[in-house]
Amino acid sequence: MSGDGTRCVHAGRTDEPRPGEPLHAGPVLASAYHLGPPDGDLPVDFYGRSANPTWRALESAIGSLDGGHTLLFSSGMAAIATLLRLAARPGSAIVLPADGYYLARALAADELAPFGVEVREVPTAGPWPEGVFDGATLVLLETPSNPGLDVCDLAELSPRVHAAGALLAVDNTTATPLGQSPIELGTDIVVGSDTKALSGHSDVVLGHLTCASEELAQRLAVMRNRGGGVPGPFEVWLAHRGLGTLDLRLTRQAQNAEALATALLEHPGVRGVRWPGLPSDPSYAVASRQMRRFGGVLAFELPDAAATSRFIEASALVASTTSFGGLTTTADRRARWGDQVAPGFLRLSVGCEDTDDLVTDVLSAITQAVPSQP
Ligand SMILES: *Cc1c(COP(=O)(O)O)cnc(C)c1O
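Residues numbered from 1 in each chain as written. Predicted model: local features only at pLDDT ≥ 70, side-chain atom pairs only at ≥ 80, totals over all residues. Heavy atoms only, no water.

Give me the sheet that holds strand β7 (residues 207-211): which residues, what numbers.
Read across the open sheet, the 7 strands follow the order β1-β7-β6-β5-β4-β2-β3; overall the sheet is mixed. Only two strands of the sheet have a single neighbouring strand rather than two, namely β1 (69-73) and β3 (118-122). Adjacent strand axes in the sheet meet at a mean angle of 20° when their direction is disregarded. Sheet topology note: the strand β2 (residues 93-97)/strand β4 (residues 136-142) ladder contains 3 bridges and is parallel. The residue of β4 that forms the bridge with Val95 is Val139. On the sheet, helix α3 (residues 76-87) packs against β1, β2, β4, β5 (167-171), β6 (189-193) and β7 and is oriented at approximately 150° with respect to β6. Contacts between helix α4 (residues 102-112) and the sheet are confined to β2 and β3, with β2 contributing the most and set at about 155° to the helix. (Pairing = 2+ DSSP bridges. Helix = DSSP H or I, 4+ residues; strand = E, 2+ residues; numbered from the N terminus. Axes fitted to C-alpha atoms, helices over the stretch in contact; angles between N-to-C directions. Contact = heavy atoms within 4.5 Å.)

Below you can see the structure in the form of structure tokens.
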């Protein structure tokens, strides 16, 4: 069994080495279709919306890391929309995290509920009352949740979801396939926004679903072809290139996140530091059982929105952007998106800078942003 670095570098790289050929094939660009016979069986590749070799290479790469059958989509939301469409039935229920990705909840509430689907929201940290999954066709969990970084116990919840007859899906975007393996813990479908750490360079919008069952993946492939939320080959090729360094990037990001979270706990201007790898964190007990790495996303609160603006202004290394998982450290004030968090709540996507540089810069910027401490 290879280690994470070896698996990431070689994932989906199956080309037979041949002198004179490129080490890794480029994307299949500018070809909406491939040649086929006028009659009889079509080749696997005949039309760019249903399959192509560039997708297949990354699908096999992510599938090997997630431990299932992967389908790429044009974005994380295109993957989630297809998943919700798979499960939505009038009179049935879909269970979503109350603190999960805001557009998934908005999609369910605004576009599925009017068709008679009951949308039930439960906080990731629980409690998960008796009967909460009754009548559900799909339970979509998110752990760690974005942006609050609560976790839920997949090994405990998956038998309960299955006993209720529902499919279990887990949004694994924040953890990545190297951070945890939901399929090993009983999940039917893993959801990923590969816009984040999986591609890792803040230059691609992409998503995937990985199914434990090949039959379910085939059903979803039909839905993807009809729904049409398919990625362009160049984006897929960029993501495959980024995936090769996932282990390296996550290792540095988690090391930086641990140093920052520990330092922030001591800073008098900061409250509510959250990182699942902090032994004092409410998520730690479950996260340390369930996750192999705690990742590079942390959260904390400054006194108010104005202090977050002063912090960004004073920092030389932290840029204000939404999204996360890139090489550069970035901060996002989530209340602006309507997340139920304090006005001074920041989600920090910790980048690959040197640990000492980053800790020094962030602490000094906070001291400038929150000058009068009691
Ligand atoms: C960003 C994100 C999504 C949506 O993915 P896009 O690629 O932006 O469409 C879904 N879930 C989580 C947890 C995310 O962070």
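Once you've had a look at it, read on.
Now, about the environment of Val273: what can you tell me, with residues and values included?
Within the fold, Val273 resides in strand β8 (residues 271-274). You can call Val273 buried: its relative accessible area is 13%. Considered as a pair, Val273 and Leu302 are 29 residues apart in the sequence and their alpha carbons are 9.9 Å apart. Filtering out sequence-adjacent residues up to four positions away, Val273 remains in contact with Ala261, Leu264, Leu265, Leu278, Asp281, Ala299 and Phe300. (Buried < 20%, exposed > 50% of the residue type's maximum accessible area, 1.4 Å probe, protein only.)

Explain the environment of Ser193 residue by residue, including any values.
Within the element layout of this structure, Ser193 appears in strand β6. We classify Ser193 as buried; its relative accessible area is 12%. Ser193 sits 38 residues away from Ala155 along the chain, and the two C-alpha atoms are 23 Å apart. Sequence-distant contacts of Ser193, defined by excluding residues within four places in its chain, comprise Gly76, Thr173, Leu206 and Gly207.

Outline the pattern of salt bridges, listing residues and values.
Scanning the entire structure with this criterion turns up 14 salt bridges. Note that Arg7 and Asp4 form a salt bridge whose closest N and O atoms lie 2.9 Å from each other. On the criterion of helical spacing, the pair formed by Arg7 and Asp4 is a turn pair, its members being 3 residues apart in helix α1 (residues 4-10). Looking at Asp4, the relative accessible area reads 18%, which means it is buried. The network of salt bridges with shared partners includes Asp4, Arg7, Asp247 and Arg293. (Salt bridge = Lys/Arg side-chain N within 4 Å of Asp/Glu carboxyl O.)

Mind laying out unusual backbone geometry, listing which residues take part and the relevant values?
Backbone torsion omega between Gly126 and Pro127 reads 0°, so that peptide bond is classified as cis. Take Pro127: it is sitting in the loop between β3 and β4. Of the consecutive residues Thr143 and Pro144, the connecting peptide bond is found in the cis state with omega at -5°. When you line up the elements, Pro144 lands in the loop between β4 and α5 (154-163).

Would you mind going over the side chain of Asp171 in detail, with residue names and values included?
Here Asp171 is to be found in strand β5. Residues within four places of Asp171 in sequence aside, it is in contact with Ile80, Leu140, Leu141, Glu142, Thr143 and Val191.

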